[in-house]
Structure formats: C-alpha cells, structure tokens
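So the chains spell out like this:
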Amino acid sequence: MRIDIVTIFPEFFSVLDVSLLGKARQTGLIDLGVHDLRDSAHDRHRTVDDTPYGGGAGMVMKPEPWGEALDGILDGAAGAAPVILFPSPAGEVFTQAMAQELSAEQHLVFGCGRYEGIDQRVVDYAATRARVRLVSMGDYVLNGGEVATMAMIEAIGRLIPGVVGNPASLVEESHSDGLLEYPSYTKPAEWRGLAVPPVLLSGNHGAIATWRHEQQLERTRRVRPDLLPPL
Ligand code: 6GU
C-alpha cells in the first residue's frame, strides 16, 4: 500500500520508522511519503494560513499550498484514484470496519489540517480527483490531524496481510466481532493473592470459549452498551 501524508509537521511521523509498521516499510508492504505543506508555500515566510472570511477566532489553512501539494501526489499516482482522508472533528467517526475497508486500498492520502481547519474548497477540489472522506477520532478536540493520522495508519496498517506476523491474533481482539475482548492471563497462576480464573486452567476448551464469550458480553454491557444491538 502507498501512503502519502501532507502536514506542516513532517517530523511527527518519524516514529513510523519503528515497530511493526517500520518493519512493514522495510519489507515493502507499506510505501510511505511524508510531504511538508510549507514546501508548497512560496512566499518568503512560507505562509500556510490566513484569517477566516466572515470573521471569527483562529486561522484557516490557505487553499493554494494544499492544491499544489495534492496535485503533486495525485499527478504522480499510478492506478486507481486514491482515497484522501482529512482528519477532522467534523468527520464521520473512524471505526474498525472503516480500517478494514481502507486496508484493501492501493493508495491512501492523509491531509493533516491545523488551526481552525482547511479552506473548504480544498476538500471540494480533492473530491473531483479522488474519493474523499472526513474522519474523526471521536468526540473531543485535537490540535491537528497528525495524531489522528498516526492512529489511523496504525489501525489500517496492521490489517494489511503480512504486517502482523500471526493473522490469528487479529481475530480475537476488541471490535473484530463487534464486542470488546475478553480479559487475558498468563503465568503465574497466582500473583499477589490474585488467582487466574480456574476455568482457564481446566483444559476444557468448550467451557473456556463459553466463559470468554460471557466476559465479552459482560464487559461490553458495562462499558460500551452502545455496541450491543437494541433489546
Ligand atoms: Cl481527526 N482532528 C482533530 N483536530 N480533532 C479531533 C479529531 C480529528 N478527532 C477527534 N478530534
């Protein structure tokens, strides 16, 4: 998968050199390009923002640098139209289902806004050249799209076949079946007076599967009832 990121903080993404995703880049499963938006701003101060039309607090990202940066990526793109993702608290909420869907794409572009957002015409223009989605991490506010982009790349990247060594580990995790995951234990069987639930030591695989499913349901009812179908 090819991933391009447009940002005014390219150094933010140096952590993508390490861990599972760093390895996926080394082996060629993920091809990453990080682009400094200021390289597409040609005034002396490399300005990327300006005051909002209509007034109001804060600054808006100017369209011209974004147009040039996106054109540079899209003009060079081979194959099908990429998906352009703009992280935004005004977007649809990012989910595991969305991560699954996006992990099958050939080319993703992340446009990281800062300040009060990007001039809307950038999004409208991008939609004439690619499939565009505004995506939110949830109901809270971040300073910009960089951390959200990092979270999405990790969620999507680990679903690309070959990135996670043991694909079975993707099956029994939170959200893969619509429920939260069950609690896990390892040795020793007793630690600081706390025992591992005896069923897990029983060797009875049917009983273990039943217990784990009950734990998933109990946890989900308690902390995320919104995930359960209405009664
Ligand atoms: Cl994607 N961006 C920003 N700036 N804030 C957010 C968000 C994204 N998701 C939740 N809050």
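Source: prediction; values computed, not measured. (Residues numbered from 1 in each chain as written. Predicted model: local features only at pLDDT ≥ 70, side-chain atom pairs only at ≥ 80, totals over all residues.)

This part covers the overall build of the protein chain. Looking only at helices and strands, the protein chain has six helices and nine strands in total. Its C-alpha radius of gyration of 22 Å places the protein chain more than 25% over the 17 Å reference for a compact globule of 231 residues. Along the first, second and third principal axes, the C-alpha atoms of the protein chain reach 70 × 40 × 35 Å. Scored against the burial criterion, the 231 residues of the protein chain give a buried share of 23%. Taking the contacts inside the protein chain whose residues are at least 6 apart along the sequence as the reference set, 75% of them involve residues at least 24 apart. (Helix = DSSP H or I, 4+ residues; strand = E, 2+ residues; numbered from the N terminus. Rg over C-alpha atoms; globule rule 2.2 N^0.38 Å. Buried ≥ 20, exposed ≤ 12 C-beta atoms within 10 Å, placed from the backbone. Contact = placed C-beta atoms within 7 Å.)

A few words now on the sheet that holds strand S5 (residues 83-93). Strands belonging to one sheet form pairs held by backbone hydrogen bonds; the direction of such a pair is parallel or antiparallel. The strand order across the open sheet built from five strands is S2-S1-S6-S5-S7, with neighbouring strands paired in parallel fashion. Sheet topology places strand S2 (31-36) and strand S7 (131-136) at the edges, where each strand pairs with a single neighbour. With strand direction ignored, the average angle separating the axes of adjacent strands in the sheet is 25°. Direction of pairing for strand S1 (residues 2-7) relative to strand S6 (residues 107-111): parallel, over a ladder of five bridges. If you follow Arg2 over to S6, its bridge partner there is His107. (Pairing = 2+ DSSP bridges. Axes fitted to C-alpha atoms, helices over the stretch in contact; angles between N-to-C directions.)

Every one of the 13 residues lining the ligand counts as a neighbour, but Pro87, Pro89, Met137, Leu142 and Ala148 are closest to it. For the shell around the ligand, the secondary structure elements donating two or more residues are S5 and S7. If one sorts the elements of the shell around the ligand by residue count, S5 sits on top with three residues. Residues that form the shell around the ligand fall into these classes: eight nonpolar, five polar and no charged. (Near = placed C-beta within 6 Å. Nonpolar A, V, L, I, M, F, W, Y, C, P; charged D, E, K, R; others polar.)

Turning our attention to the UniProt feature "domain: tRNA methyltransferase TRMD/TRM10-type" (unreviewed entry) in the protein chain. Under the present numbering, the feature "domain: tRNA methyltransferase TRMD/TRM10-type" (unreviewed entry) in UniProt falls on residues 1-228. Between the end C-alpha atoms of residues 1-228 there is a gap of 33 Å, over a span that is 30% helix and 18% strand. (UniProt positions renumbered as here; feature names shortened; annotations may be inferred.)

With that settled, consider the UniProt feature "binding site: S-adenosyl-L-methionine" (unreviewed entry) in the protein chain. On the UniProt side, "binding site: S-adenosyl-L-methionine" (unreviewed entry) is annotated at positions that read Gly113, Met137, Gly138, Asp139, Tyr140, Val141 and Leu142 here. Relative to the helices and strands, Gly113 resides in the loop between S6 and helix H4 (120-129). For Gly113, a count of 26 C-beta atoms within 10 Å corresponds to the buried category. Setting aside chain neighbours within four positions, we find Gly113 in contact with Met61, Phe86, Ser88, Ile118, Gly144 and Gly145.

Next up on the list: the pairing of S2. Bridge count for S1 against S2 is six bridges, and the pairing is parallel. Bridged to Ile5 within S2 is Val34. After leaving S1, the chain enters helix H1 (residues 19-26) and then returns to the sheet as S2, a path that is right-handed. (Right-handed = clockwise from strand over helix to strand, strands pointing away.)

For the protein chain, the average pLDDT comes to 95, and 100% of its residues sit at 70 or higher. Per the prediction output, this complex has pTM 0.95; the corresponding ipTM is 0.95. (pLDDT = per-residue confidence, 0-100.)

This part takes up the environment of Trp211. By the secondary structure assignment, Trp211 is in helix H6 (residues 205-223). Trp211 sits 28 residues away from Pro183 along the chain, and the two C-alpha atoms are 10 Å apart. In this structure, Trp211 is in contact with Pro197 and Val199, ignoring residues within four places of it in sequence.

Of all hydrophobic cores here, the largest spans 36 residues; its most connected members are Leu37, Trp66, Leu85 and Met152. For this core, the secondary-structure elements that each account for two or more residues are S1, H1, helix H2 (63-75), S5, S6, H4 and helix H5 (146-157). What Trp66 contacts, discounting residues up to four positions off in sequence, is Leu37, Met61, Ile118 and Val122. (Core = buried A, V, L, I, M, F, W, Y, C linked by C-beta atoms within 7 Å.)

Turning our eyes to something else, we now look at the packing of H2 against H4. In the contact formed by H2 and H4, the axes pass within 10 Å of each other and the chain directions differ by 20°. Considering the angle they form, H2 stands roughly parallel to H4. In this structure, H2 crosses over H4, and the sense of that crossing is right-handed. Facing Pro63, Trp66, Gly67, Leu70 and Leu74 of H2, the residues of H4 in contact are Arg121, Val122, Tyr125, Ala126 and Arg129. (Parallel < 35°, antiparallel > 145°, perpendicular 65-115°, else oblique. Left-handed = near helix turned anticlockwise from the far one by under 90°.)

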